[in-house]
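One-letter residues, chain by chain:
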Amino acid sequence: MTTYKPRVISLTKTPGQTFGFYLRVEQNEEGHLIRCLEMGGPAELAGMKDGDRILRVNGTFVDGLSHSEVVEVVRNGGASVTFHILDESSYKQAKALGVNLSDPQLTPVANGVKEPPKLKLCYLVKSKMGFGFSLRSARDERGLFMTQVDSSKIAYNAGVRNEDRLLEVNGENVENYTHDEVVEKIKLGGKSVMLLLVDKETDSFYRNKKNKIGSWLATVKFLPLQPRFINMIKGSDGYGFLLRQEPGQEGHFIREVDKGSPAEKAGLREMDRVVVVNGTDVDNCSHEQVVDLIRLCLNTCSCLVVDKDTDQMYKQGKVSPMLFWEEMKDSNSPPSYTEALSLPAPAKTSMPVRDRTEEVRPKLCKMEKTSDGFGFHLNGIEGMLGQYITEVVKGGAADRAGLENDDIVIEVNGNNVEQSTHAEAVNIIRRSGNTLEMLVARQDVYKQLKATGVKTTPLLLGESSKGKTHTAEAPEPNRKEQQQEEARPETPPQQERQRTPSVSSSSSEDGIDERL
C-alpha cells in the first residue's frame, strides 16, 4: 500500500525578519495550518504550501498542542527551526484512518499513513479471442461483476481481476444497467473499451464511509499509455516550437518542433496536446493565457503533454490526463524527518532570492470589512495613472492577506486598474461592499512582468493562489498626495485615526492566526 513521507523544512531568518507565513487554527479544520505565505519569504522559497499541517517543530510533536503552545515552541527555536510537515490531503487521510501521527516509528518510515484504496481504470483492446473476461450478476448483490478472467489474457494484463465490480463503460455509469444492456454497450465500443472497476476491499471501504465513488478516485497505473513530463531549458533561439489551436479541435497543440532544439531534446513531439504548464491546468485557458504562462517561465519550462493516441484513450473513458498529474506529482517523496536532520541545513534557500522564477508572480489578497478597517492606504500620484499600497498596518487584515508597502495594484475585485485614475479605483472599492479582492505585485516583480510582455492576471498564480479570506474595512486614501473620495462615502470625513502598533496575533470568527 502506498505510504507518505512528511516534508521536512529547515528555515533560518535574519534579525528583524519573519519565517514568512502565518500559523493558524481554523473552525472545522483539524491541525495547525500554514497560511498566507509571504511571496519570496523563507517559507515559500523552502517549499511550504498553503494548507500544510505542522506535525513537529525541532523534533517535538505538536499536533495535539494548543495554538499558543505551538507558537511558543516555534519562538523558542530562535532563528533556525526545523518543521515536520504533512500536506493537507495526506493529513486528512491520516486522521480519517485513525493513524497515530505521534508514533515515532512512523517518522522514518513514510509516516505510516495509508493511502485510501483506489478504483481502477482499465483499457482493453480486443483480440481474436475477445477481451478475456465474462460478466455475472447475482440477486443479492448490486451490479455486475467480472468473472472468468484468465491470467494469460488481455483483461488480466490490463488490471482486471475476478469479482471486480463494474462501475463505468467508456465513461458512462452502468451500475443500474441490465446484463444484456452492458454487453451491448461494450460491443458498441468496437475494438477497445475503457472500464472503471472497484475490487471488493475498496468497495467495502467507501460503502462503510458512505462516500460516493467515481473515476476521480481511480488510479491510472494500469493504463497502457500515459502523459509525458517535458522539462525544457530555453536556448538562444527560444524553446524551438510553436503553440497552436487547431481548427475543430479543443486544446493547445505543439507544432513545428525545430530539429536539435530544447523542445526536441526534451521529447516534445508534433501535435502533442499541452495539459499542464508549470503546474497550471490549461485545458480551460485561452491561447493567449497559455502563451503568457510559457513566457513567465523565463529560462525553464515544465509541461505535461499527451500524444494523439494517449489523448484519445483518456477521452474514451471521459477522464482527464490530470488524473495522471495528480497521481504522479507527489510520487517522489522527500526525506523523512530523521533523514533530513542528518543533512546540512539549506542556508541559501532560507533567504529571498530576487531573481528566482517562483517570485515573478503577483499576489491575490482577499479581505472582509470590519470596524478596524482594511489596514492600508491606497495611494496615487496626481495627474498620473496607477495606484500603490502604503501604510500597511502590522497584524491588520491587509497584512494578513499579504499586502505590503509599495505593492503595485493591478486589479480590484477583478477589474484591471493599471490604466485607471485614482478616483476610478476608489469608486470600485466603494462599490465592493464588505469584501475586497486585490491583485497586486511588488515593484520589482511588476517591472519583470511588464518586461516579459506577460499580461498580469490571477492565472499566473497557479496552485499557489489558494488563500484565506480575512476580515477588514475599506482602505483610507492618502490625503497628502491627492484629494480623493472616501471609499465609504456614508462615513463623514474625520481625522486620521491612530494606527495600532504591530500586532502578532489576531482572532476572528473563523480562527486564530500567528505571523511567524
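About the criteria used
Residues numbered from 1 in each chain as written. Predicted model: local features only at pLDDT ≥ 70, side-chain atom pairs only at ≥ 80, totals over all residues. Heavy atoms only, no water. Helix = DSSP H or I, 4+ residues; strand = E, 2+ residues; numbered from the N terminus. Polar contact = N/O pair within 3.5 Å; in protein donor to acceptor, adjacent residues only side chain to side chain. Contact = heavy atoms within 4.5 Å. Salt bridge = Lys/Arg side-chain N within 4 Å of Asp/Glu carboxyl O. Buried < 20%, exposed > 50% of the residue type's maximum accessible area, 1.4 Å probe, protein only. pLDDT = per-residue confidence, 0-100. Core = buried A, V, L, I, M, F, W, Y, C linked by side-chain atoms within 4.5 Å. Pairing = 2+ DSSP bridges. Arc of directions from axis to C-beta.

**Q** Is there a simple way to think about the side chain of Arg 165 in this case?
**A** Here Arg 165 lies in strand β10 (residues 165-169). A polar contact is formed between the side chain of Arg 165 and the side chain of Asp 203, at a distance of 2.8 Å. When sequence neighbours within four positions are dropped, the list of residues in contact with Arg 165 reads Arg 142, Leu 144, Phe 145, Glu 175, Leu 196, Leu 197, Val 198, Asp 203, Arg 207 and Ile 213.

**Q** Even after reading the chapter, I still don't get the environment of His 32, so can you show me in this structure?
**A** Tracing the backbone shows His 32 in the loop between β2 (22-26) and β3 (33-35). Sequence spacing of His 32 and Asp 63 is 31 residues, and the spatial spacing of their C-alpha atoms is 6.9 Å. Excluding residues within four positions of it along the chain, His 32 makes contact with Leu 23, Arg 24, Val 25, Asp 52, Arg 53, Ile 54, Val 62, Asp 63, Leu 65, Ser 66, His 67 and Val 70. Looking at His 32, its side chain comes within polar contact range of the main-chain oxygen of Leu 65, at 2.9 Å.

**Q** I'm lost on the pattern of salt bridges in this one. Help?
**A** Opposite charge on two side chains lets them pair, provided their charged atoms get close. A full pass over the atoms with the stated rule returns 26 salt bridges. Note that Arg 165 is salt-bridged to Asp 203, the shortest N-O span being 2.8 Å. Of the two residues, Arg 165 sits in strand β10 while Asp 203 sits in helix α6 (residues 200-209), which places them 38 residues apart along the sequence. As far as the burial class goes, Arg 165 and Asp 203 line up, both buried. Close ionic contact of Arg 295 with Asp 292 constitutes a salt bridge, the shortest N to O distance being 3.9 Å. A residue pair is termed a helical-turn pair when its members lie 3 or 4 positions apart in one helix, as Arg 295 and Asp 292 do in helix α8 (residues 287-296) at three residues.

**Q** How do you make sense of the confidence of the model for the protein when you look at a structure like this?
**A** Close inspection of predicted coordinates is inappropriate for parts of the model with low pLDDT. Of all residues in the protein, 77% attain a pLDDT of 70 or more, and the chain-wide mean is 76. In this model, residues 105-114 is a region of pLDDT below 50 whose contacts with residues beyond four sequence positions or in other chains number 33 contacts. Within the model, the stretch residues 463-509 combines pLDDT values under 50 with 120 contacts to residues more than four positions away or in other chains.

**Q** What's the story with the nonpolar core in this structure? I'm lost.
**A** A general tendency of soluble globular proteins is for nonpolar side chains to be buried together. In terms of nonpolar packing, the biggest core is built from 24 residues, with Leu 119, Leu 121, Val 220, Leu 223 and Tyr 314 touching the most fellow members. Within the residue set of this core, elements represented by two or more residues are β7 (119-125), β12 (192-198), α6, β17 (273-277), β19 (300-306), α9 (308-316) and α10 (322-328). At four residues, the largest contribution of residues to this core is made by α10. Excluding residues within four positions of it along the chain, Leu 121 makes contact with Met 194, Leu 195, Leu 196, Ala 218, Thr 219, Val 220, Phe 222, Leu 223, Val 319 and Leu 323. If you look at the next biggest cluster of nonpolar residues, it comprises 21 residues, including Leu 378, Ala 397, Ala 398 and Val 409.

**Q** In this structure, what is going on with the pairing of β7? I would like to understand it.
**A** Within a regular strand, side chains alternate between the sheet's two faces. Across the seven residues that make up β7, a large majority, six, are buried. One ladder, built from two bridges, connects β7 with strand β13 (residues 218-219); its direction is parallel. Across the sheet, Lys 120 pairs through a bridge with Thr 219, a residue of β13. In this structure, β7 lies alongside β12, joined through six bridges in antiparallel fashion. Residue pairing for β12: Tyr 123 is matched across the bridge by Met 194.

**Q** Would you take a moment to explain unusual backbone geometry for this structure?
**A** Trans is the common state for peptide bonds, and a negative phi is the common state for residues other than glycine. Unlike most non-glycine residues, Asn 28 shows phi in positive territory, near 65°. Of note, Asn 28 is situated in the loop between β2 and β3. Residue Asn 28 is classed as exposed on the basis of its relative accessible area, which comes to 81%. One non-glycine residue, Lys 318, lies in positive phi territory at about 55°. Relative to the helices and strands, Lys 318 is located in the loop between α9 and α10. Given a relative accessible area of 59%, Lys 318 falls into the exposed group.

**Q** Teacher, can you tell me more about helix α2 (residues 67-76) here?
**A** Every buried residue of α2 is listed here: His 67, Val 70, Val 71 and Val 74. Down the axis of α2, the buried side of the element spans an arc of 100°, and every buried residue falls inside it. Exposed residues lying more than 90 degrees from the buried face of α2 are Ser 68 and Asn 76. Gly 78 sits one or two residues past α2 and shows a positive phi near 80°.

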